[in-house]
Amino acid sequence: MDKTYSPRDIEARLYAHWEAEGRFRPAGDGTPYAIVIPPPNVTGTLHMGHAFQDTIMDALTRYHRMRGDRTLWQPGTDHAGIATQMVVERQLNAAGQTRHDLGREAFIKRVWKWKDESGGTIARQMRRLGTSVDWTRDRFTMDEGLSRAVTETFVRLFDEGLIYRGKRLVNWDPVLHTALSDLEVLSHEETGSLWHLRYPLADGSGHLVVATTRPETMLGDTAVAVHPEDERYAHLVGRQIALPLTERRIPIVADTYVEREFGSGCVKITPAHDFNDYELGQRHDLPLINIFDRNAVLNDEVPATYRGLDRFEARKRVVADLEAAGLIEKIVPHKLMVPKGDRSNAVIEPWLTDQWYVRIEPLAGPAIEAVESGRIKFVPENWDRTYYEWMRNIKDWCISRQLWWGHRIPAWYAADGSIYVGRDEAEVRARHGLGADLALRQDDDVLDTWFSSALWPFSTLGWPESTLELKQFYPTAVLVTGFDIIFFWVARMIMMGLKFMGDVPFREVYVHGLIRDGEGQKMSKSKGNVLDPLDLIDGIDLETLLAKRTAGLMQPHLAAGIEKATRKQFPDGIASYGTDALRFTFASLATLSRDIRFDVGRIEGYRNFCNKLWNAARFVIMSVEGHELGDGPQAPTLADRWIRSRLAAALEATRTGFDGYRFDLASQALYEFTWYDFCDWYLELSKAVLNSETASEAEKRATRHTLISTLESLLRALHPLMPFITEEIWQRVGVLAGRTGPTIMLEPWPVADTTARDPEVDGEMRWVMDLILAVRQIRGEMDIAPSRRFEVLLAHASESDLGRLARTRHWVERLANLSSLRPLELGVAEPESAVALMGQMRILVPMAGLIDVVAEMARLEKRIVKLRADLGKTEGKLSNANFVTNAPPAVVEQERARIADFSRELAGLEAQLERVRRLQ
RNA sequence: GGGCGCGUAGCUCAGCGGUAGAGCACUUCCUUGACAUGGAAGGGGUCACAGGUUCGAUCCCUGUCGCGCCCA
């Protein structure tokens, strides 16, 4: 093996091999375990959020596969209707064309072409990450099978009356020319104005003042409303207003919707352009006057002078004309929420159109129940409250989109306006007995992208066919997702799964945090703080990184700032850390928190961890190669038994971590075992045995055996998090440990050997370590060179100490680098020494030529100060009668023991200080 | 306005009723045969603040302050 771990050389090769050998396919007859991937946009690229999520899903998948489960990680991609259509339209625009120049059919062809060109990117990136998805089952939301599932659900829901077509107000995007669901509209607070308008009473007896943030919509007003209990206006209810700028007369109505305190307490009502006004209009049977066309330009319903004006231009003209007529009472600054499309960022217009809706209440009920009853569990648990909050206030889902890229709605219209729904035109004709001569035209609209996503857990497994996969893998085990799409996706999958499969789509929902940059900022192109996971794996030089971050900005003026910040944060670009380091970093960040700050400092630490593991393996292999491992007798040493005990504890902690989605704790347990227990202690202890002239061959054999078997178990334990380095090392180590399988992927995840846990062994090893640490501390604080060997004496050693000393002296001498370690006989005078205490036993480092008296006094004083403080605290506790009577006896006993230890040690150190002081 | 969350070492985060932990950063020493992407030793925290419950609170409860997210 090379001296330095070099991920680049191993990762691509191993992945290609795994894939070629079909290692990712479900195998064996264990318990089925399935995860469906949240399908990324087919034409997108992998970002940090994907990489994080994929790491978690892959860790779960590999872990369960190794546990013997029949494991499927179902991959696939989403057609991402609006997003993809926009990208292709932009490409056309750049060439001076629009989609209308091409026409529907040619445009869709063009999108498919784009999908074919760029669709492989994210799959390639996933392979770099090591994702063990079953690529042979790869699905796309627009492929034939999934499209059939979409049609099937639409038709069934329609037949049951759960899909209907309605003329309603929708969120209309006047730029994209499509309706949007409530979720796709984001409201931002903006500072605008509140115009107070005078509306004359029709009988000329005065006027009312109405306040509005959108004066241009007055052209579509069909009433003025006041609160029924507002005595200021009670006498006016039922009378008429002469609506300015128009020839119309509109009524004054009373409705509790009106807030008396807001403005003047009178509200203009525009039922065709405001959701609240629409409902009020329904209650009062008001006419709807639609004043906008699809571009939000004023139409023929308004007086001629305003026709053809854009809504914002119209606002200026209407205000100017009202002003001129003396009908503006006042204009005050006002904060309001402005709705915008999440894709186009255009101001959304409530607009009256025909759309398709899903009647959601009958679906929501069972979906709420599934979580309440615990059939679906959110992790962390409290996300269920967010889910309930949303589900209990859910509104019908507008599923039609006026786009071309997507699943076309399976509805056909006859010339007379009749609507027929069916799986295809032939079925429609057959079902409704329509003759071949009757012309039918299919609905132009497509379905909301999330409609097909909602079917994902069963459509990918073959539904509506009754496939073996459905039978085996549905319900899937867990959905791994960010909280940002609980409503968009999770809730809808639950509703559709219950409806069409009669069971929940997954048993658990693991909701992870969102990856942000080191400052907690969302990563975005315009902020220039985006990290590409591939750049962390492969590294990138500064100039390339700068070019990447500043290219194609929507606002080019930001480039300078981005360049400055990037130069500051990455003066030398980004080093190459490798996939395993990145994955281990993600795992360590997978806490329960909502925002995950990606601190680049951490990945370096975990790259070093990979290197540590690599070199530990080199040492183990070097120590073992050329020696027979199999048959000879073995005499396990204390160290052997100890590291097995520690391994059992670490595996237990890791398993608990994996099972509870605490990848941070799992990774921490493995990190600490590997570095602290295995490398820092066990490998050093093993050197003492293997290099010893006195150790028996049976002990050496046991040590070699323990080295190789511990490493081999550790590799298997780490594999779900670090697939590449573990496989690479395992290919050499597995054989030496007697394993014959072709890949670590298919080896069993190591089970903690609970019989290896041994308190006596732990206690004796603790004694060895404490002794070594005590000597090292004196060495460190006395500035004695690590290479300088000296003698250590043990005074007041008990029988137990002497027994331990005899058994473990070789280790202490080696790890503390001593020339000798021996007990001081009773009655022999102690040489002047630096002293450390272990219980009764005094550890003496003779000072002659080694130790400076002043430094030793300082060292002792420091310890004494600390001890006095600790002792004081403990004494305070025990002097409290309430504590002694009320606290559990074990706790009181522990404090008493503590006080005894502290007192003895303190007395010892004080005496020692006095002795050293006299040497001055 | 409603819902949810966060405030622990310089930074990023674990812990969550019995004397505070990690990584990175920092200080000192060290190229000894796995590893300087390393080893050894060390410094650093009134666990946001105020009350309460408790023998005991960073941890539980209430409130205050600060920060964030979602929904309307």
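Residues numbered from 1 in each chain as written. Chains lettered and ligands numbered in written order. Predicted model: local features only at pLDDT ≥ 70, side-chain atom pairs only at ≥ 80, totals over all residues. Heavy atoms only, no water.

This brings us to the overall build of chain A. Of regular secondary structure, chain A possesses 30 helices and 29 strands. For 920 residues, the compact-globule formula gives about 29 Å, and the C-alpha radius of gyration of chain A, at 37 Å, lies well above that figure. Its C-alpha atoms give chain A principal-axis dimensions of roughly 120 × 65 × 60 Å. Scored against the burial criterion, the 920 residues of chain A give a buried share of 53%. Pairs at least 24 residues apart make up 77% of the contacts formed inside chain A by residues separated by at least 6 positions. (Helix = DSSP H or I, 4+ residues; strand = E, 2+ residues; numbered from the N terminus. Rg over C-alpha atoms; globule rule 2.2 N^0.38 Å. Buried < 20%, exposed > 50% of the residue type's maximum accessible area, 1.4 Å probe, protein only. Contact = heavy atoms within 4.5 Å.)

Taken together, 55 residues surround RNA strand B, and among them Thr591, Arg594, Trp675, Tyr676 and Phe902 come closest. Considering the 4 Å shell around the protein, atoms of RNA strand B inside it are sugar or phosphate in 67% of instances. Measuring from a phosphate oxygen of RNA strand B, one finds a side-chain N or O atom of Trp675 at 2.5 Å. Here a sugar or linking oxygen of RNA strand B sits 3.2 Å away from a polar atom, N or O, in the main chain of Asn882. (Near = heavy atom within 4 Å. Polar contact = N/O pair within 3.5 Å; in protein donor to acceptor, adjacent residues only side chain to side chain.)

Moving on to the nonpolar core. One finds Tyr387, Phe451, Phe598, Phe663 and Phe678 to be the most contacted residues of the largest nonpolar core, which totals 218 residues. Here this core takes 14 residues from helix α23 (residues 663–690), the largest share from any one element. Setting aside its immediate chain neighbours within four residues, Phe663 contacts Ile56, Ala59, Leu60, Tyr510, Ala587, Ala590, Gly657 and Phe658. Counting 37 residues, the second largest nonpolar core, distinct from the first, contains Leu197, Leu201, Tyr233 and Leu309. (Core = buried A, V, L, I, M, F, W, Y, C linked by side-chain atoms within 4.5 Å.)

Turning to the pattern of salt bridges, a few remarks are in order. Enumeration according to the criterion identifies 69 salt bridges in this entry. One salt bridge connects Glu469 with Arg137, and the closest N-O pair in it is separated by 3.2 Å. Placement of the pair is Glu469 in helix α15 (residues 468–473) and Arg137 in the loop between α6 (120–129) and β4 (139–140), with a sequence separation of 332 residues. Take Glu469: its relative accessible area is 26%, and that puts it in the partly exposed class. (Salt bridge = Lys/Arg side-chain N within 4 Å of Asp/Glu carboxyl O.)

Before going further, it helps to examine the sheet that holds strand β22 (residues 476–482). One open sheet holds the three strands; their spatial order is β15-β23-β22, and the pairing between them is parallel. On the outer flanks of this sheet lie β15 (377–379) and β22, each paired with one strand and no other. Strand-to-strand twist across the sheet, computed as the mean angle between neighbouring axes with direction ignored, equals 20°. Bridge analysis of β22 against strand β23 (residues 506–512) gives six bridges, and the strand direction is parallel. Bridged to Val480 within β23 is Tyr510. (Pairing = 2+ DSSP bridges. Axes fitted to C-alpha atoms, helices over the stretch in contact; angles between N-to-C directions.)

On to the sheet that holds strand β14 (residues 349–358). Spatial strand order, β6-β5-β14-β16: four strands in an open sheet with antiparallel pairing. Strands at the two margins of the open sheet, each flanked by one partner only, are β6 (178–180) and β16 (397–398).

We now examine the environment of Ser418. Within the secondary structure, Ser418 is located in the loop between β18 (411–414) and β19 (419–421). Setting aside its immediate chain neighbours within four residues, Ser418 contacts Trp412 and Tyr413. A polar contact is formed between the side chain of Ser418 and the side chain of Asp416, at a distance of 2.5 Å.

On to the packing of aromatic side chains, then. This model, assessed by the stated rule, comprises 40 aromatic pairs. With a centroid separation of 5.7 Å and 55° between ring planes, the pair formed by Phe586 and Phe598 is classed as tilted. Note that Phe586 is positioned in helix α20 (residues 579–589) and Phe598 in the loop between β25 (595–597) and α21 (600–624), a separation of 12 residues in sequence. There is no split in this pair, since Phe586 and Phe598 are both buried. One cation-aromatic arrangement involves Arg127 over Trp135; the distance from NZ or CZ to the ring centre is 4.1 Å. Cation over ring: Arg392 sits above Tyr388, and NZ or CZ is 4.6 Å from the ring centre. (Phe/Tyr/Trp six-rings, centres within 6.5 Å; stacked < 30°, edge-to-face > 60°. Lys NZ or Arg CZ within 6 Å of the ring centre and 35° of its normal.)

Residue Pro464 is bonded to the preceding Trp463 through a cis peptide linkage, with omega at 10°. By the secondary structure assignment, Pro464 is in the loop between α14 (456–459) and α15. The step from Tyr474 to Pro475 runs through a cis peptide bond, and the omega angle for that step is 0°. Tracing the backbone through its elements, the reader meets Pro475 in the loop between α15 and β22. The backbone of Asp285 shows a phi angle near 60°, a positive value even though the residue is not glycine. Taking the relative accessible area as the measure of exposure, Asp285 reaches 69% and is therefore exposed. The backbone of Ala296 sits at a positive phi, close to 65°, despite the residue not being glycine. Looking at the secondary structure, you find Ala296 in the loop between α8 (275–284) and α9 (311–324).

A separate point is the packing of helix α18 (residues 542–550) against helix α19 (residues 559–569). It is the contact of α18 with α19, at a shortest axis distance of 10 Å, that shows an interaxial angle of 145°. The handedness of the crossing between α18 and α19 is right-handed. Along the contact surface, α18 presents Leu542, Glu543, Leu545, Leu546, Arg549 and Thr550, while α19 presents Ala559, Ile562, Glu563, Thr566 and Arg567. Grouping the constituent residues of the contact of α18 with α19 by class yields five nonpolar, two polar and four charged. (Left-handed = near helix turned anticlockwise from the far one by under 90°. Nonpolar A, V, L, I, M, F, W, Y, C, P; charged D, E, K, R; others polar.)

By secondary structure assignment, the location of Pro636 is in the loop between α21 and α22 (638–659). For the pair Pro636 and Ala698, spaced 62 residues apart in the sequence, the C-alpha separation amounts to 7.8 Å. Apart from residues no more than four positions distant in its own chain, Pro636 is found in contact with Arg641, Arg644 and Ala702.

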